[in-house]
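Chains, contacts and geometry: an overview
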Amino acid sequence: MYDQRSANIRAGRGDVMEQIDSSCKYFVIKATNSFALEFSLRKGRWQFGNQTEHRLMKAIKSGYSVILVFSVQESSHFQGFASFSGRVSSDRYSELESQGHGRCSGTQYFIDWIRKGNVPFQATKHLLNLYNDKKKVQMSRDGQELDPTSGSNLCKMWERVPKSSENERHVG
């Protein structure tokens, strides 16, 4: 379940962007509010709706590295991306319970934040998702998979986020 590439991504070894490739699957996660996202940045946990959780676990079981790209609803930005390994957290945080859109199992998972900071939708308008009828990546719904090229290119957008912005806690 935990391959060496995923471990290197989570540990920040080497150039993260070089390690993200077509053996990764990318998913957009829509946070319902900035408080939950800020909590996740501090605790490294997230809770998904059933459909999203099923998609993510299927990708993990198929041997893919999974990258989650976060956006707070109505924010007009992406706020960062994290790796997902499928590791279940035994802790349960009420701050994340509102994130399971629709029905959810209540399971909370560890996630490892790779990059954070605001990337405006305006900067991503050229990225079209082949897995979503070539719609702009900013139009993705919660749990939407991105094709490998648009997912990788979206993650590379954080190379342009100044380090001071990346270290700020406020998102949204």
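Nothing here was measured: the structure is a model prediction, and the numbers come from that model.

1. Some remarks on the packing of aromatic side chains
As enumerated under the stated definition, the model contains eight aromatic pairs in all. Measuring from centroid to centroid gives 5.1 Å for Trp46 and Phe70, while their planes differ by 80 degrees, and the two rings are edge-to-face. Highlighted residues: Trp46 in strand S2 (residues 45–47) and Phe70 in strand S3 (residues 65–72), separated in sequence by 24 residues. Owing to a relative accessible area of 1%, Trp46 belongs among the buried residues under this scheme. On the basis of relative accessible area, Phe70 is assigned to the buried category, the value being 0%. Ring centres of Phe48 and Tyr109 lie 5.9 Å apart, and the angle between their planes is 50 degrees; on these two criteria the pair is classed as tilted. One end of the pair, Phe48, is in the loop between S2 and helix H4 (50–61); the other, Tyr109, is in strand S5 (residues 108–120), with 61 residues separating them in the sequence. One aromatic cluster is present, formed by Trp46, Phe70 and Trp113 through successive ring pairs.

2. A word on H4
Along an α-helix, residues three or four apart share an orientation, since each turn contains 3.6 residues. Its twelve residues place the ends of H4 16 Å apart at the C-alpha level, agreeing with the 16 Å of an ideal helix rising 1.5 Å per residue. Where the residues of H4 are buried, they touch strand S1 (24–31), S3, strand S4 (77–88) and S5. The first or second residue beyond H4 is Gly63, which carries a positive phi of 95 degrees.

The rules behind these values
- Residues numbered from 1 in each chain as written.
- Predicted model: local features only at pLDDT ≥ 70, side-chain atom pairs only at ≥ 80, totals over all residues.
- Heavy atoms only, no water.
- Phe/Tyr/Trp six-rings, centres within 6.5 Å; stacked < 30°, edge-to-face > 60°.
- Helix = DSSP H or I, 4+ residues; strand = E, 2+ residues; numbered from the N terminus.
- Buried < 20%, exposed > 50% of the residue type's maximum accessible area, 1.4 Å probe, protein only.
- Expected span 1.5 Å × (residues − 1).
- Contact = heavy atoms within 4.5 Å.

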